[in-house]
Every structure is written in structure tokens, then in C-alpha cells.
Amino acid sequence: MISKDKQTLTWSEIRDLQATNIEDIDFPDIVALDKDEQIILIAEVKGFPFNFQETKAKQYAILRLIDYLQAAKIAIPFAMLVDVNKILIFQWDGNNLSEPILSLNTGDVLSHYEPKFRDKRIFSLYLKGLTEAWLRDLAYHWKSAISPFTKEMTEIGLLQVLEDGRTQLY
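Sequence order as written defines residue numbering, which begins from 1 separately in each chain. For a predicted model such as this one, the threshold for reporting local features is a pLDDT of at least 70, and the threshold for listing and counting side-chain atom pairs is 80 or more; totals across whole chains, interfaces and linings nevertheless cover every residue. Only hydrogens and water are set aside when side-chain values are computed; all heavy atoms of the structure are taken into account.

Enquirer: Before we move on, can you summarise the overall build of the protein with the specific residues and values?
Expert: From N to C terminus, the protein includes six helices and six strands. What counts as a helix is a DSSP run of H or I of at least four residues, what counts as a strand is a run of E of at least two, and both are numbered from the N terminus. Each helix and strand of the protein, placed in order from N terminus to C terminus, yields the pattern α-β-β-α-β-β-β-α-α-α-α-β. In the protein, buried positions account for 44% of the 170 residues. In the protein, of all internal contacts separated by at least 6 residues, the share reaching a separation of at least 24 is 53%. Computed with the Shrake-Rupley method and a 1.4 Å probe, the accessible areas treat only the protein chains shown as cover for residues. Just so you have it, the protein exposes about 9,300 Å², and 51% of that area is on carbon and sulfur atoms. Any residue under 20% of the maximum accessible area for its type is buried, any over 50% is exposed, and the rest in between are partly exposed; the area is computed with a 1.4 Å probe on protein chains only. Residue contacts follow a heavy-atom distance rule, with two residues in contact if any of their heavy atoms lie within 4.5 Å.

Enquirer: Could you give me a rundown of the sheet that holds strand β4 (residues 86-91), with the residues and numbers involved?
Expert: Should DSSP find at least two bridges between two strands, the strands are taken to pair. Judged by pairing direction, the sheet is mixed, and its six strands sit side by side in the order β5-β4-β3-β2-β1-β6 without closing on themselves. With one partner strand each, in any of the chains shown, β5 (102-105) and β6 (166-169) form the two edges of the open sheet. In this sheet, neighbouring strand axes are inclined to one another by 15° on average, regardless of whether the strands run parallel or antiparallel. In terms of strand pairing, strand β3 (residues 78-83) meets β4 through five bridges, oriented antiparallel. Helix axes are fitted only over the stretch in contact, all axes being lines through C-alpha atoms; the angle between N-to-C directions runs from 0 to 180 degrees.

Enquirer: So what's going on with the confidence of the model for the protein? Residues and values would help.
Expert: Mean pLDDT over the protein: 87, with 85% of residues reaching 70 or higher. Overall, residues 18-25 carries pLDDT values under 50, and its contacts beyond four positions in sequence, including any with other chains, amount to five contacts. On a scale of 0 to 100, pLDDT captures the predictor's confidence in every residue.

Enquirer: Quick rundown of the pairing of β3? Include the residues and the values.
Expert: A regular strand carries its side chains on alternate faces of the sheet. With respect to burial, β3 is a largely interior element, six of its six residues being buried. Of the two faces of β3, both are covered, the one formed by Phe78, Met80 and Val82 as well as the one formed by Ala79, Leu81 and Asp83. Both strand β2 (residues 39-46) and β3 contribute to a ladder of six bridges, which runs parallel. When the bridges of β3 are listed, Lys46 appears paired with Asp83. Look down the strands so they point away from you; if the path from the first strand over the helix to the second goes clockwise, the crossover is right-handed. The β-α-β motif built from β2, the intervening helix α2 (residues 55-71) and the parallel element β3 has right-handed crossover chirality. Counting the residues that bridge the hairpin from β3 to β4 gives two residues.

Enquirer: Go over α2 with me, naming the residues and quoting the values.
Expert: Here the expected length of a helix is defined as 1.5 Å per residue gap, with one fewer gap than residues. In this model, α2 (17 residues) spans 24 Å end to end at C-alpha, consistent with the 24 Å of a helix rising 1.5 Å per residue. For α2, the complete set of buried residues consists of Ala61, Leu65, Tyr68 and Leu69. Each buried residue of α2 sits inside an arc of 100° when the element is viewed along its axis, so together they form one side. The exposed residues of α2 that point more than 90 degrees off its buried face are Thr55, Lys56, Tyr60 and Leu63. For α2, the elements touching its buried residues are β2, β3 and β4. The directions considered for the arc run from the helix axis to the C-beta atoms.

Enquirer: Account for helix α4 (residues 124-140), with residues named and values stated.
Expert: Its 17 residues give α4 an end-to-end C-alpha distance of 24 Å, which sits within 8% of 24 Å, the value for a rise of 1.5 Å per residue. Inspection of α4 places Leu127, Lys128, Leu130, Thr131, Glu132, Ala133, Trp134, Leu135, Asp137, Leu138 and Ala139 among the buried residues, and these make up the whole buried set. Of the residues trailing α4, His141 is marked for its positive phi of about 50°.

Enquirer: Hey, could you go over the environment of Glu155 for me, with residue numbers and the actual values?
Expert: By the element assignment, Glu155 lies in helix α5 (residues 150-155). A relative accessible area of 55% means that Glu155 is categorised as exposed. Considered as a pair, Glu155 and Leu102 are 53 residues apart in the sequence and their alpha carbons are 9.5 Å apart.

Enquirer: I'd like a rundown of the pattern of salt bridges, residues and numbers included.
Expert: We define a salt bridge as a contact between a side-chain nitrogen of Lys or Arg and a carboxyl oxygen of Asp or Glu at a distance within 4 Å. Applying the stated criterion across every chain, the model contains eight salt bridges. Arg64 is the partner of Glu44 in a salt bridge, and the nearest nitrogen-oxygen pair spans 3.3 Å. Of this pair, Glu44 sits in strand β2 while Arg64 sits in helix α2, placing them 20 residues apart in sequence. One salt bridge in this structure joins Lys151 and Glu155, with 3.0 Å as the shortest N-O distance. Of this pair, Lys151 and Glu155 are both found in helix α5, four residues apart, which corresponds to roughly one turn of the helix. Judged by its relative accessible area of 57%, Lys151 is exposed. Residues participating in the shared-partner salt-bridge network are Glu44, Lys46 and Arg64.

Below you can see the structure in the form of C-alpha cells.
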């Protein structure tokens, strides 16, 4: 619960406060937490046949991210959009969502976890799982000593808060 010494809430505490009927709650596809259980990233993921390449689809997805970020009532520093083509990472300052601060080719990142990534249709649930695998690999190196795009994630400050954390898939 909330104490006078604790200024932020864990993801579980936010869900508990917001939840009256779990069926009415909409969550981001992936939530990443730091080692102190503070939310550091939310992600929207769309697999085949959907993507964020169309302007309207991307705008709608960004509005959904902003809705999640505002509903959290705490400053979640990063947000991410993932489709089969691109991984876009944004920063949130509590009021504004930045333009993408990092854009990665999804195949370049996730083919490390699915070698046939570029040769098959990747549907949403599988894409969520692969994205989560990458984030978990960054957090605690379950697959690689140096995960794909570690340098870039360090440069934007995401790796430092992700290390020793965990993810939650919805």
C-alpha cells in the first residue's frame, strides 16, 4: 500500500486502485518494471496483418499510449510501439510524449530470438512474446551476454532502468 515515505506506486498497486471490474480495464500489451517494481515502459504491439506504417493507425496507437500514460498518474519515462517493421521508443515527461527517440528495424532486433522472423508471418501474440523476450534479455541476459541494440538502449537511458527489472505481458 501507499506509505508516506513511498512517493510512487507499483504496477500492481495502480491496477488495484483502478480495478473495480477487471473486464472493464484496458492495459498496454507490455509493461516493464525496474528492479524496484516501478513502471518504466509501456508498449503497444501489433503483428500481422496490422502495422503502424499508416498515419492514422500510428496516430491512434500514440493516443492510446498517451491515455495509458495519463491514467497511470505517475511519470512512466518510456513508451514503445512495435509492429513487424519498426520498434519506436518514445519518452514521456509526465505531460508530453516525445517524437521517437529511437527507431529500430524489428527484424534486426527480434531475429535474434526467432531466426526465421523475416520469412514468416508474425501475428500479434507471437510478436508480443518476442518483444518481451528481448526486453527480458536486456534486463537480465537470459539469452545473451550482450543483447541486440544494447548500445542504443543505453544511449537513451532505457537499459539502465530496465536492468534487473521484469516485464508483464497482457
